[in-house]
Amino acid sequence: METEEIWNQYGISDYHRLKYLGDDINEVLTIVLKNIKAGIGLFEVGETVRALYLNESFFECIGYTAEEYEQNLNNIFSTLHKDDIEGFRNCILEHAGKLEPIYDTVRGYRQNGNLGVFDIKGAPIENKISDSPIYLTVVSDVTDTMEKEQRIMELNRLNSQLSIQQERYKILEATARGLLFEYDPHQDTMIFSYNFPNNKKRKVIEHYKEYSRKSPLVHSNHIEAFRKALRDACRQEQEGDLEYLSTVSGGGYRWHLTHYKSMADAEGNILSVIGRIEDIHDEKMKREQLNRKADVDGLTNLYRKEVAFEKMQEFVTEAPELEFYFIVMDLDDFKQINDQYGHQYGDKILKKTAEVLIRLFGESSIIGRFGGDEFVILTKGMAYEEVNRLLDALREEVKFCAGIVAWRKEEDVRSTFDRADKAMYQVKAGKKNGSCFEA
């Protein structure tokens, strides 16, 4: 039979076709073992597993040189991850006694300490030296493959989670009454979804950071708190609420409550910030009106003593670099006015005084009724000359004694009051209808 006909008896992957190289099997093995990229080894299975032969690619695969691996030749378990040794040993013992093929995947440490993942496939061959089974084994480094598979699995899991979240968001968007938003920090894109009876529009704002700097969407008094909340939510996963004045629902600045939540991947990278914006303006106004009723004196509509002190302390704490003056004033001869004209007339004097104080000192000051005919005032960012001018203007409407002190840094409000009160009594002890200033 012709040689060509003999070859045709075998498939292209049949090892008999290696005879094309000649009859010398050693020549075939030499070429294969030298050039194959997988690790090839002969291992004897006894009480432990001993290496009888390892090709050069074996050492490249496991990350050792032949010299570095020398001490592990009689026990290949020594380089494996401790959690995988028992399982691999059981796999070998189960199949070696029956001379069955062995297949397992184990983790092992390279010489540099890095952990690798290796596929081990072994087939039994005849042992002509002893009775212990010998396995011709192929070792493949599958670390990159396993890592890629894990990344793919994680991405699939994450995509599944995101799909669920997106579906939830769609349901929320379809059913919730109000304004929903979703911010993509990587694209710097904000999407507003309006869900009102007469407004179902969707607004996409690209370059949102730049837009928010130029747009009056959030009131200037609250823009820093708003930006900080968004920055923090984009840095790490968190959930929170924020109240602020905004024009987002139209009709000028109104109070809004935003509930927001960061969406992150498995590694903690923020993918988006989603939330719901609710117009709470009417509720906020009612609440503040009730709070103000509890905070102010019913007759004069000025802050009660304790509330005034709290707000004064906050006033100074918020802007310690500014100039503050504390004033304690007491109306002259008020007891005699009550005795002569009655308490109703006296109340009119107190209300008139409060109205003039509000008109003169306005929003730049905290004004309170300390009790009876005594008032307290804290001015903010106002020079002493201006304070004195306003008190002179007040004196055209009513006669009073006043003690004025400059608020000292890190001084508490009660200590400041005591100094101003003493200054006022110096005036009362004299000719009245005057002021006393102490630095």
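Computed from a prediction, not measured in an experiment: that's the story for all the values here.

Regarding the overall build of the protein chain
Step number 1: Each helix and strand counted, the protein chain has 14 helices and 16 strands in total.
Step number 2: Relative to its full complement of 439 residues, the protein chain shows a buried share of 39%.
Step number 3: Taking the contacts inside the protein chain whose residues are at least 6 apart along the sequence as the reference set, 51% of them involve residues at least 24 apart.
Step number 4: Counting every atom, the protein chain has about 26800 Å² of accessible surface; 50% of that belongs to carbon and sulfur.

Comments concerning the sheet that holds strand S4 (residues 115-125)
Step number 1: The strand order across the open sheet built from five strands is S2-S1-S5-S4-S3, with neighbouring strands paired in antiparallel fashion. Each having just a single partner strand, strand S2 (49-54) and strand S3 (102-109) make up the two edges of the open sheet. For this sheet the average axis-to-axis angle between neighbouring strands, irrespective of direction, equals 35 degrees.
Step number 2: As paired elements, S4 and strand S5 (residues 134-141) share eight bridges and run antiparallel to each other. When the sheet's bridge partners are listed, Gly-122 is paired in S5 with Thr-137.
Step number 3: Contacting strand S1 (39-45), S2, S3, S4 and S5, helix H5 (residues 82-96) runs over the sheet at an angle of about 155 degrees to S3.

Description of the pattern of salt bridges
Step number 1: Under the defined criterion, the tally for this structure stands at 23 salt bridges.
Step number 2: Note that Asp-232 is salt-bridged to Lys-228, the shortest N-O span being 2.8 Å. Of this pair, Asp-232 and Lys-228 are both found in helix H8 (residues 223-235), four residues apart, which corresponds to roughly one turn of the helix.
Step number 3: What makes Asp-232 partly exposed here is its relative accessible area of 21%.
Step number 4: Each of Lys-228, Asp-232 and Arg-235 takes part in salt bridges that share partners, so that together they form one network.

As for the packing of aromatic side chains
Step number 1: Evaluation of the coordinates by the stated rule reveals 19 aromatic pairs.
Step number 2: Geometrically, the ring pair formed by Phe-58 and Phe-59 is edge-to-face, given 5.7 Å between the ring centres and 90 degrees between the ring planes.
Step number 3: Phe-58 sits in the buried class, given a relative accessible area of 4%.
Step number 4: By relative accessible area, which is 13% here, Phe-59 ends up buried.
Step number 5: Relative to Tyr-384, the ring of Tyr-325 lies with its centre 5.8 Å away and its plane at 55 degrees, an arrangement referred to as tilted. Of this pair, Tyr-325 sits in strand S12 (residues 324-331) while Tyr-384 sits in helix H13 (residues 384-395), and the two are 59 residues apart along the sequence.
Step number 6: Residue classification places Tyr-325 among the buried positions, given a relative accessible area of 7%.
Step number 7: When its relative accessible area of 21% is taken as the criterion, Tyr-384 is described as partly exposed.
Step number 8: It is Arg-89 that lies over the ring of Phe-77; its NZ or CZ is 4.7 Å from the centre.
Step number 9: A cation sits over an aromatic face here: Arg-395 above Phe-400, 4.2 Å from the ring centre.

Considerations on the side chain of Thr-416
Step number 1: Positionally, Thr-416 belongs in helix H14 (residues 413-428).
Step number 2: If near-sequence neighbours (up to four positions away) are discounted, Thr-416 is found in contact with Phe-326, Val-405, Trp-407 and Glu-411.

Considering the pairing of S2
Step number 1: Direction of pairing for S1 relative to S2: antiparallel, over a ladder of five bridges. In the strand pairing of S2, Gly-41 is matched with Leu-54.
Step number 2: Count of turn residues in the S1/S2 antiparallel hairpin: three residues.

Details of H8
Step number 1: Taking 1.5 Å per residue, 13 residues should reach 18 Å; H8 reaches 18 Å between its end C-alpha atoms and fits that length.
Step number 2: What H8 keeps buried is the set Ile-223, Phe-226, Ala-229, Leu-230 and Ala-233. Down the axis of H8, the sector holding all buried residues measures 130 degrees, keeping them to one side.

Focus on the nonpolar core
Step number 1: If you look at the biggest cluster of nonpolar residues, it comprises 25 residues, and the most contacted ones within it are Phe-43, Leu-54, Phe-58, Tyr-69, Phe-77, Phe-88 and Ile-92.
Step number 2: When residues no more than four places from it in sequence are discounted, the contact partners of Leu-54 are Ile-40, Gly-41, Phe-43, Phe-59, Tyr-69 and Leu-73.

Remarks on the sheet that holds S12
Step number 1: The mixed open sheet is built from five strands, whose spatial order is S13-S14-S12-S15-S16. In this open sheet, the two edge strands, each paired with only one partner strand, are strand S13 (365-371) and strand S16 (435-438). Strand-to-strand, the axes of this sheet are offset by a mean angle of 15 degrees, without reference to chain direction.

Reading the values: rules and limits
- Note on numbering: residues in each chain are counted from 1, in written sequence order.
- Reporting in this predicted model follows two pLDDT cut-offs: at least 70 for local features of residues, and 80 or more for side-chain atom pairs to be given and counted; totals over whole chains, interfaces and linings ignore these cut-offs and use all residues.
- Excluding hydrogens and water, the side-chain figures rest on all heavy atoms present in the structure.
- Secondary structure is summarised from DSSP: a helix means a run of H or I of at least four residues, a strand means a run of E of at least two, and numbering begins at the N terminus for each.
- Whether a residue is buried, partly exposed or exposed follows from its accessible area with a 1.4 Å probe, protein chains only, as a fraction of its type maximum: under 20%, in between, or over 50%, in that order.
- Only heavy atoms enter the contact rule, under which two residues are in contact if any of them lie within 4.5 Å.
- Only the protein chains shown count as cover for residues, and all accessible areas are computed by the Shrake-Rupley method using a 1.4 Å probe.
- Should DSSP find at least two bridges between two strands, the strands are regarded as paired.
- To obtain each axis, a line is fitted to C-alpha atoms, and for helices this fit is confined to the stretch in contact; angles are then taken between N-to-C directions over 0 to 180 degrees.
- Every case where a carboxyl oxygen of Asp or Glu lies within 4 Å of a side-chain nitrogen of Lys or Arg is listed as a salt bridge.
- Working definition: a ring pair exists when centres of Phe, Tyr or Trp rings (six-membered ring for Trp) sit within 6.5 Å. Plane angles under 30 degrees give stacked, over 60 give edge-to-face, the rest tilted.
- Look at NZ for Lys and CZ for Arg. If either is within 6 Å of the ring centre and within 35 degrees of the ring normal, a charge sits over the ring.
- Expected helix span is given by 1.5 Å per residue-to-residue step, counting one fewer step than there are residues.
- As used here, the arc belongs to the directions running from the helix axis to the C-beta atoms.
- Put simply, buried Ala, Val, Leu, Ile, Met, Phe, Trp, Tyr and Cys residues joined by side-chain atoms within 4.5 Å make one nonpolar core.

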